[in-house]
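Now for the letters of each chain:
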Amino acid sequence: SLARMTAAGVSVPPGFAVLTDAYAEFLTAPGLSESLAEIMASIDAGNVGDEALKAAAIREKICSTPVPAHIEAAIRAAYLEMSPGNDLPVAVRSSATAEDLPDASFAGQQDTYLWVVGADDVVSRTRACWASLFNARAISYRARNGLGQLDVLMGVAVQKMVNARAAGVAMTLDPINGDRTKIVIDSAFGLG
């Protein structure tokens, strides 16, 4: 969507995308996928405490697994192209493949990090975005909606930070009842 808006001439902050292919390759680290599948299989669905405990274990596994060297190098190079001084504040935004489905929306389910500065932190926050695919609320939401857990992929958008006076999201239906005759705008002063 950001690429389409840029092509249409909409003012979009500059940035780059870490593709879902990078996340999929990250998951091929020795034993990682198997470990995640084992923890997921042991979750007592509907038990909030167990979901939170197992979600934390999964996120810890992801955050402690090194990013493949060539993916890390590509992330660093893309950031340093935007910020030769390694000091540009950016937003590191999650974007899962299961977002905005016809019958389910994952808006706000995964994490976004604001005012991230430096290539080291961009790499770290990219991995944290990947890990946020497995926070307890996202796991529970996917389970309630009959969606897969381990087959959902995560992309990451890295964009120049905008010091916004106001931010928000426009929805082309009422998210509470699905009424498509309504457009709902949720906004706030300051950052989104």
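What counts and what doesn't
Residues numbered from 1 in each chain as written. Predicted model: local features only at pLDDT ≥ 70, side-chain atom pairs only at ≥ 80, totals over all residues. Heavy atoms only, no water. Patch = residues over 30% accessible without salt bridge, like charges linked within 9 Å, V, L, I, M, F, W, Y side chains within 5 Å. Areas by Shrake-Rupley, 256 points an atom, 1.4 Å probe, with all protein chains shown as cover. Salt bridge = Lys/Arg side-chain N within 4 Å of Asp/Glu carboxyl O. Helix = DSSP H or I, 4+ residues; strand = E, 2+ residues; numbered from the N terminus. Buried < 20%, exposed > 50% of the residue type's maximum accessible area, 1.4 Å probe, protein only. Phe/Tyr/Trp six-rings, centres within 6.5 Å; stacked < 30°, edge-to-face > 60°. Contact = heavy atoms within 4.5 Å. Axes fitted to C-alpha atoms, helices over the stretch in contact; angles between N-to-C directions. Parallel < 35°, antiparallel > 145°, perpendicular 65-115°, else oblique. Nonpolar A, V, L, I, M, F, W, Y, C, P; charged D, E, K, R; others polar.

### Focus on a nonpolar patch on the surface
Taken together, the side chains of Leu2, Met5 and Val10 present a nonpolar region at the surface, about 210 Å² in accessible area. Within the element layout of this structure, Leu2 appears in helix α1 (residues 2-7).

### Structural notes on unusual backbone geometry
With a phi angle near 60°, Asn86 is a residue other than glycine that sits in the positive phi range. By secondary structure assignment, the location of Asn86 is in the loop between α5 (69-82) and β2 (90-96). Phi is positive for Trp115, which is not a glycine, with a value near 60°. Tracing the chain through its elements places Trp115 in strand β3 (residues 112-116).

### Here's the deal with the pattern of salt bridges
As enumerated under the stated definition, the model contains four salt bridges in all. We note a salt bridge from Lys54 to Asp50, for which the minimum N-O separation is 3.0 Å. With a gap of four residues between them, Lys54 and Asp50 both fall in helix α4 (residues 48-63), about one helical turn apart. For the pair Lys54 and Asp50, a shared accessibility class is recorded, and that class is buried. The partner of Arg137 in a salt bridge is Asp111, with the nearest N and O atoms 3.5 Å apart. Here Asp111 lies in the loop between β2 and β3 and Arg137 lies in helix α7 (residues 136-144), a separation of 26 residues in the sequence. Several salt bridges converge on common partners, so that one network encompasses Glu72, Arg76 and Asp120.

### Concerning the packing of aromatic side chains
Throughout the structure, instances matching the rule amount to two aromatic pairs. Ring centres of Tyr23 and Trp130 lie 5.7 Å apart, and the angle between their planes is 55°; on these two criteria the pair is classed as tilted. With Tyr23 in helix α2 (residues 20-26) and Trp130 in helix α6 (residues 119-131), this residue pair connects regions lying 107 residues apart in the sequence. Here the two residues Tyr23 and Trp130 agree in accessibility, since each one is buried. When the ring of Phe26 is compared with that of Trp130, the centres are 4.8 Å apart and the planes differ by 40°; the resulting orientation is tilted. Of this pair, Phe26 sits in helix α2 while Trp130 sits in helix α6, and the two are 104 residues apart along the sequence. An identical accessibility class is assigned to Phe26 and Trp130; each is buried.

### Topic: the environment of Gly168
Relative to the elements of secondary structure, Gly168 occurs in strand β5 (residues 166-171). Taking C-alpha positions, Gly168 is 8.7 Å from Phe189, a pair spaced 21 residues apart along the chain. In this structure Gly168 touches Asp186 and Ser187, once residues within four positions along its chain are discounted.

### With respect to the packing of helix α3 (residues 32-41) against α4
Where α3 contacts α4, the axes come no closer than 10 Å and their chain directions differ by 175°. What the angle tells us is that α3 and α4 run roughly antiparallel. Along its contact with α3, which presents Leu32, Ser35, Leu36, Ile39 and Met40, the element α4 presents Lys54, Ala57, Ile58, Lys61 and Ile62. Its residues placed into classes, the contact of α3 with α4 shows seven nonpolar, one polar and two charged.

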